[in-house]
Structures are given as C-alpha cells and as structure tokens.
Amino acid sequence: MTLATLAILLSAVGILITGALAAVFLRSTESGMQQVTHRLEQLPEVMTGRYIAFTGMTLFATLYGDLMVIAAWFVALGFMAFADAFIYYRSGHPTAKHMAAGIAALLVVIVALLALRAGGGL
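Because the structure is predicted, anything quoted here is derived from the model rather than measured. (Residues numbered from 1 in each chain as written. Predicted model: local features only at pLDDT ≥ 70, side-chain atom pairs only at ≥ 80, totals over all residues. Heavy atoms only, no water.)

**Q** So, the nonpolar core: which residues are in play, and what are the values?
**A** The nonpolar side chains of a soluble globular protein tend to be buried with one another. Within the largest apolar cluster, ten residues are counted, these being Phe-54, Ala-61, Ile-70, Ala-71, Trp-73, Phe-74, Leu-77, Ala-105, Val-109 and Ala-112. Contributions of two or more residues to this core are made by helix H3 (43-64), helix H4 (67-90) and helix H5 (96-118). In terms of residue count, H4 provides more of this core than any other element does, five residues in total. Not counting the four nearest positions on each side in its chain, Leu-77 is found in contact with Phe-54, Thr-58 and Ala-105. (Core = buried A, V, L, I, M, F, W, Y, C linked by side-chain atoms within 4.5 Å. Buried < 20%, exposed > 50% of the residue type's maximum accessible area, 1.4 Å probe, protein only. Helix = DSSP H or I, 4+ residues; strand = E, 2+ residues; numbered from the N terminus. Contact = heavy atoms within 4.5 Å.)

**Q** Lay out the confidence of the model for the chain in plain terms, naming residues and giving numbers.
**A** Chain-level statistics for the chain give a pLDDT mean of 96 and a share of 100% at 70 or above. Of all secondary-structure elements in the chain, the lowest mean pLDDT belongs to helix H2 (residues 29-36), at 93, while H4 reaches the highest, 98. (pLDDT = per-residue confidence, 0-100.)

**Q** Tell me about the environment of Ile-110, residues and numbers included.
**A** Counting through the fold element by element, Ile-110 comes out in helix H5. Considered as a pair, Ile-110 and Ala-22 are 88 residues apart in the sequence and their alpha carbons are 27 Å apart.

**Q** Lay out the environment of Met-1 with the relevant residues and their values.
**A** Position of Met-1 relative to the elements: it lies in the segment before helix H1 (3-27). Those residues within four positions of Met-1 in sequence are excluded, and the remaining contacts are Leu-6 and Leu-9.

**Q** How would you sum up the packing of aromatic side chains? Please name residues and give values.
**A** Considering all chains together, one arrives at three aromatic pairs under this definition. Relative to Phe-54, the ring of Tyr-51 has its centre 5.6 Å away and its plane inclined at 80°; by these criteria the two rings are edge-to-face. Of this pair, Tyr-51 and Phe-54 both sit in helix H3, three residues apart, roughly one helical turn. Every member of this aromatic cluster is reached through a ring pair, and the members are Tyr-51, Phe-54 and Trp-73. (Phe/Tyr/Trp six-rings, centres within 6.5 Å; stacked < 30°, edge-to-face > 60°.)

**Q** Would you mind going over H3 in detail, with residue names and values included?
**A** Along its 22 residues, H3 runs 31 Å from first to last C-alpha, staying within 8% of the 32 Å computed at 1.5 Å per residue. At the exit of H3 stands Gly-65, carrying a positive phi of roughly 80°. (Expected span 1.5 Å × (residues − 1).)

**Q** Could you give an account of the packing of H4 against H5, with specific residues and numbers?
**A** Axis separation between H4 and H5 bottoms out at 8 Å; the angle between their running directions is 155°. Between H4 and H5, the interaxial angle falls into the category roughly antiparallel. The way H4 lies across H5 gives a crossing that is left-handed. Residue classes in the contact of H4 with H5 are distributed as 21 nonpolar, three polar and one charged. (Axes fitted to C-alpha atoms, helices over the stretch in contact; angles between N-to-C directions. Parallel < 35°, antiparallel > 145°, perpendicular 65-115°, else oblique. Left-handed = near helix turned anticlockwise from the far one by under 90°. Nonpolar A, V, L, I, M, F, W, Y, C, P; charged D, E, K, R; others polar.)

Have a look at this one:
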C-alpha cells in the first residue's frame, strides 16, 4: 500500500466519522453536543477557531489554484451559510448576512465551474 492510498483510506475514515456525527446531530442536537463534548458557553470561542480554519482552507484552495477544489470548498461554505440562514429564518431572526454569504459562495462556485467548462475540465 502506498502512502497516497493510505491517506485516501484515512480520509474515507474521516468521512465515516463526520457523517456519523452529522447523523447524530440531525436526530438530536442535544445528543450531538454530548457526543462531541462541546459546551454552549464556549460556542463563541469555538466559532473563532472555525473561522480561522475556514480562512486557512480558503487560502489553501486559492493558492493551490485548482478550480475544482475552489468550487468544492465554496459549495461547503455556501451550504453552511444557507443552512445558518434557514436556522435563523425558522427562529425569526435576521438572515441577510448569511444569505449574502451563501450567494457570494454560490457565485464563486458558478464562476469556477464555468471556467472549468471553458477550459475543457468539465
């Protein structure tokens, strides 16, 4: 087995673990929070770490310059933005900033995919 194959297999394990956690959260946010041992009172600090990680991943995708990586990453960012907007909409809170972020991410996805198509990559 090559190191590349091992890296892909380990990444697949990551899919299984994060997918299982997503399923737990879908069934019960309380159970999900228990499972991942997060605490609501630390949520602002947790979000700080998340935004630093998002910035790093966006920097990586941009510097790497692969349009498919950029499109995929911005699909993930857009999904998170639209999901947050939906959560806030259901609870009667403003959604404009999250919707704007989702639309901006969607624009990046569209432009990246159009560039791939124009270059024969799709």
